[in-house]
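Here is how the chains run, residue by residue.
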Amino acid sequence: MKQEINDSASLMLQDGFDFDKKLSELEMEKKHEQQMKNEVEANKLWAVIQLVEIYKEFVNLFHILHEGKYYDAWCKAEEIEISIHFLLRNFPAFDVCVKDIAITVSNLQRMYPYRLFISAVYKIKKEKCTICGKTVSIRNLCPHVCGKVYNGELCQREVEQCELIGADIVTNPEHKYSVLFPKDDNHKTVDHYDYTNVERFSKVWIRPFMRITIKLSSSDLN
Amino acid sequence: MDKGNINLIETTKGVRTLQEWLDFQNIHGELRDRLQSADILLLPTGYMNEEHGFASSTEAFLRFARGQGAKIDVCTNDDEFAIVELNSNTIRLGRFHIKSSTVLSILLGIISNFCYDGIKSTASYIKDDDAQEQVVVPINEHEVEFTISTEDSSGNAIDYNYKGPAEEVKNVSEELTKLINETRDK
């Protein structure tokens, strides 16, 4: 399988690769395997789709960053990070294909000036499993583990009943997109952050799939 | 064990004894008997004054601990189970009641493995050989919080609160066992 993964990844590094066409073909293949109840193949296809999505979004991240949409790029970087997390949790053998992307994303995130975030606190009273649709019962757990792939689909929890009970300001958020932005007198969001380091990063990042080695001093991160 | 590990545990007056927790959660009959016999019981956390809410990791921890052979249960009636989702990156495991100090090392081993299991999928690509540095937060920088509740020899509730690196959890076992045994022998 490792060779197949490497071959697919190499193809995607080429300029002009049609990600959407590839994704559409893979989705059709996966649907077929799901209908045939061929869970092993359906799961493998889920992983390849995830990989193609990660590469596609990584190229998008490159363009968004170079358009100067820094907060959007920050959110995109987080999406990629989450996709990599679930891919490797289910298919650790894909690490070779996403290692460089993960490193670039992580290095980029370190260039950002964001330090404070909002952490929302929810009370979740009722949620259901996205695989079997059953309401989660702590005494009679369904066999599906949240974050694992079953028959080509990622198991998640769909919240049916919840209550917002507060919000904290934190430095280590679970959701990195929750950056604090002030509002001006007209209630418009103001982006007051200094993106000098992000701009420096984007100047040396001239092609999506290139390795960037950075060395940071503590003053760079302040 | 170095002194640093001792500082990771704070001993405080317990919130409730096991019997008081069972009353507080309105648990009676057969379920009460079953929960009383569990080696490890997951208790409500009290985060954000939601006194009956559990940690968001409860379901995942329960599955993981049972997979490791632990006799563990949750102190709630099924239809009253609710979690409090705190969206910071600290791993908050909540509150555990242990039947005896002999269960402690098993529980700490499970907590340590659970944290490692959750982190390892991101840790697998952390080494950037060219930059000669770690680019993703390594396991020893992930902070974990949990409380172990038990009773002293007079039946008073005592809480042992751990807050520190995931990596250090397995190293506090000896010290915590000693602390628990001392309070039980008093």
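Now for a look at the structure at hand. (Residues numbered from 1 in each chain as written. Chains lettered and ligands numbered in written order. Predicted model: local features only at pLDDT ≥ 70, side-chain atom pairs only at ≥ 80, totals over all residues. Heavy atoms only, no water.)

Take the overall build of chain A next. Summing up its helical and strand segments, chain A has six helices and four strands in all. Scanning chain A from its N terminus toward the C terminus, one meets helices and strands in the order α-α-α-α-α-β-β-β-β-α. Each principal axis of the C-alpha atoms in chain A carries an extent, and together these give about 55 × 50 × 30 Å. Relative to its full complement of 222 residues, chain A shows a buried share of 43%. In chain A, the proportion of contacts linking residues at least 24 apart, taken out of those at least 6 apart, comes to 73%. Of the charged side chains in chain A, 30 are positive and 33 negative, and the gap between their average positions amounts to 4 Å. (Helix = DSSP H or I, 4+ residues; strand = E, 2+ residues; numbered from the N terminus. Buried < 20%, exposed > 50% of the residue type's maximum accessible area, 1.4 Å probe, protein only. Contact = heavy atoms within 4.5 Å. Lys, Arg positive; Asp, Glu negative; His and termini not counted. Charge placed at Lys NZ, Arg CZ, Asp CG, Glu CD.)

What follows deals with the sheet that holds strand 1 (residues 9-13) of chain B. Residue and element names in this part refer to chain B. Strand order in the open sheet formed by six strands is 1-10-9-6-2-4, and the pairing between neighbours is mixed. In the strand order of this sheet, the two ends are held by strand 1 and strand 4 (72-74), each with one partner. Between one strand and the next, the sheet's axes are offset by a mean angle of 25°, whatever the strand orientation. The sheet contact formed by strand 1 and strand 10 (residues 157-165) spans five bridges and is antiparallel. (Pairing = 2+ DSSP bridges. Axes fitted to C-alpha atoms, helices over the stretch in contact; angles between N-to-C directions.)

Once that is clear, we can look at the environment of A:Arg211. Note that A:Arg211 resides in the segment after helix 6 (196-204). Look at A:Arg211 and you get partly exposed, because its relative accessible area is 31%.

Residues and elements named next belong to chain A. Viewed as axis vectors pointing N to C, helix 4 (residues 70-90) and helix 5 (residues 95-111) meet at an angle of 150°, and their least axial separation amounts to 10 Å. Note that helix 4 runs across helix 5; the crossing there is left-handed. Contact residues: helix 4 offers Trp-74, Ala-77, Glu-78, Ile-80, Glu-81, Ile-84, Leu-87 and Leu-88, while helix 5 offers Asp-95, Val-98, Ile-101, Ala-102, Val-105 and Gln-109. Here the contact of helix 4 with helix 5 is composed, by residue class, of ten nonpolar, one polar and three charged. (Left-handed = near helix turned anticlockwise from the far one by under 90°. Nonpolar A, V, L, I, M, F, W, Y, C, P; charged D, E, K, R; others polar.)

Time to look at the interface of chain B and chain A. Each side of the interface is counted separately: chain B has 38 residues, and chain A has 42 residues. A buried area of about 3,400 Å², summed over both sides, lies between chain B and chain A, and 49% of it is on carbon and sulfur atoms. Connecting chain B to chain A are three salt bridges. Among the elements of the structure, helix 3 (29-36), helix 4 (58-67), strand 4, strand 5 (83-86), helix 5 (104-123), strand 7 (127-128) and strand 8 (133-134) of chain B are those that each provide at least two residues to the side of chain B that touches chain A. For the side of chain B that touches chain A, the class distribution of residues is 14 nonpolar, twelve polar and twelve charged. Direction of pairing for strand 1 (residues 117-129) of chain A relative to strand 5 of chain B: antiparallel, over a ladder of four bridges. Across the sheet, residue A:Lys123 finds its bridge partner in strand 5 of chain B, namely B:Val84. (Buried area = accessible area lost by both parts, 1.4 Å probe. Salt bridge = Lys/Arg side-chain N within 4 Å of Asp/Glu carboxyl O.)

Running from N to C, helix 5 of chain A and helix 6 of chain A point in directions that differ by 145°, and their axes come no closer than 8 Å. Contacts between helix 5 of chain A and helix 6 of chain A involve A:Thr104, A:Asn107, A:Leu108 and A:Met111 from the first element and A:Asn197, A:Val198 and A:Phe201 from the second.

A few words on the nonpolar core. Formed by 54 residues in total, the largest nonpolar core has its most connected members in A:Leu51, A:Leu61, A:Leu65, A:Leu87, A:Phe94, A:Tyr112 and A:Trp205. Elements that contribute at least two residues to this core include exactly helix 1 (2-12), helix 2 (19-35), helix 3 (39-66), helix 4, helix 5 and helix 6 of chain A. The element best represented in this core is helix 3 of chain A, accounting for 15 residues. Among the nonpolar cores identified, the runner-up in size contains 39 residues, and B:Phe54, B:Leu62, B:Phe81 and B:Leu93 belong to it. (Core = buried A, V, L, I, M, F, W, Y, C linked by side-chain atoms within 4.5 Å.)

Sheet architecture is open: four strands sit in the order 4(A)-1(A)-5(B)-3(B), paired in mixed fashion. If you trace the sheet from one side to the other, it starts and ends with strand 4 (157-170) of chain A together with strand 3 (54-55) of chain B, each paired once. Where strand 1 of chain A meets strand 4 of chain A, twelve bridges bridge the pair, whose relative direction is antiparallel. Paired with A:Val121 across the two strands is A:Gly166, which belongs to strand 4 of chain A.

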